[in-house]
Amino acid sequence: MPSNSGGVIHSVKGSAIMVCRTTSVIATVAVLGLGLSPAAAFTHLSSYEKTALTGQEILVFKGASLNVDCSSAGKDDVKIISGPSHGEVRLVEGKVYTSFAKTNQRFKCNSRKVDGIKGVYKSAAGFKGQDQMTFSVHTFDGNAYKIVVDVNVE
């Protein structure tokens with residue numbers, strides 16, 4: 001099982017699912033499965049591309065819900081709902097930099113690391129080509145995001 005002092009909470013390799021408990025000071029987030037309840041609806045859809053070297057780890061997702069004073073607004077529920085087919089992605093609790101737009105009241109929070117969650121991807125050794133993963137994010141304040149990440153592995 002994957003482990004990390006930052007608190008790995010969920011990892012997917014191909015179609016195998018691995019779940020473990022966090023060991024960090026941050027409270028454990030329960031990951032109860034890959035499916036979404038029938039009542040779940042995404043209010044925001046987003047997709048983007050990343051490039052990775054074969055066999056090397058890259059950051060593919062980061063997130064945190066913050067109050068205007070940059071304190072935590074509560075934990076987001078993040079799940080890997082599909083992929084990757086040619087590597088492994090894992091969710092890790094830890095410090096992240098946010099990326100709020102300049103027009104957002106929380107823009108000033110971008111300059112400091114805050115408690116959050118990140119997705120880290122690593123392709124299978126020697127794999128070159130396209131891979132993809134999809135995350136579901138339900139924020140503490142009630143927003144629901146579906147995020148598709150396409151990775152070009154070189």
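The rules behind the values
- Residues numbered from 1 in each chain as written.
- Predicted model: local features only at pLDDT ≥ 70, side-chain atom pairs only at ≥ 80, totals over all residues.
- Heavy atoms only, no water.
- Helix = DSSP H or I, 4+ residues; strand = E, 2+ residues; numbered from the N terminus.
- Buried < 20%, exposed > 50% of the residue type's maximum accessible area, 1.4 Å probe, protein only.
- Disulfide = S-S within 2.5 Å.
- Phe/Tyr/Trp six-rings, centres within 6.5 Å; stacked < 30°, edge-to-face > 60°.
- Pairing = 2+ DSSP bridges.
- Core = buried A, V, L, I, M, F, W, Y, C linked by side-chain atoms within 4.5 Å.
- Contact = heavy atoms within 4.5 Å.

Q: Describe the overall build of the chain, naming the residues involved and giving the relevant values.
A: The secondary structure content of the chain amounts to 0 helices and 11 strands. When the helices and strands of the chain are read in sequence order from the N terminus, they spell out β-β-β-β-β-β-β-β-β-β-β. The 154 residues of the chain split such that 38% are buried.

Q: Before we move on, could you go through the state of the cysteines and cite the residues and values that matter?
A: For the coordinates displayed, the defined rule picks out 1 disulfide. At a sulfur-sulfur separation of 2.0 Å, the disulfide partner of C70 is C109. On the S-S bond that ties C70 to C109, the torsion sits near -95 degrees, and the link is left-handed. With C70 in the loop between strand 5 (65-66) and strand 6 (72-74) and C109 in the loop between strand 8 (87-97) and strand 9 (113-123), the pair connects residues that are 39 residues apart, well separated along the chain. Look at C109 and you get buried, because its relative accessible area is 0%.

Q: Explain the packing of aromatic side chains to me, and be specific about the residues and the numbers.
A: What characterises a pair of aromatic rings is the spacing of the ring centres plus the angle enclosed by the ring planes. Under the criterion given, the structure shown has 1 aromatic pair. Summarising the aromatic geometry, the rings of F61 and F135 are spaced 5.2 Å apart at their centres and angled 20 degrees between planes, so their arrangement reads as stacked. Remark: F135 occurs in strand 10 (residues 129-138) and F61 occurs in strand 4 (residues 58-63); sequence separation between them is 74 residues. Judged on exposure class, the residue F61 and its partner F135 are both buried.

Q: Now, about unusual backbone geometry: what can you tell me, with residues and values included?
A: Note that the residue after G83, namely P84, is joined by a cis bond; omega there is -5 degrees. Checked against the element boundaries, P84 lands in the loop between strand 7 (77-82) and strand 8. Here the phi dihedral of C70 falls at roughly 75 degrees; this positive angle occurs in a residue that is not glycine. Looking at C70, the relative accessible area reads 7%, which means it is buried.

Q: Kindly report on the pairing of strand 8, identifying the contributing residues and their values.
A: Most of strand 8 is tucked away: 8 of the 11 residues are buried. Alignment of strand 8 against strand 9, held across 11 bridges, turns out to be antiparallel. If you follow V89 over to strand 9, its bridge partner there is Y121.

Q: With reference to specific residues and values, describe the nonpolar core.
A: Core analysis: the largest hydrophobic core is formed by 18 residues, its most contacted members being V60, M133, F135 and V151. Listing elements by their share of this core, those giving two or more residues are strand 4, strand 7, strand 8, strand 9, strand 10 and strand 11 (144-153). If you tally residues by element for this core, the top one is strand 11, at 4 residues. The residues contacting F135, other than those within four sequence positions of it, are V60, F61, V78, K79, I80, I81, V89, L91, Y145, K146, I147 and V149. Of all hydrophobic cores here, the second largest spans 6 residues; its members include A64, L66, C109 and V114.

Purely geometric stuff here, so don't read any function into it on its own.
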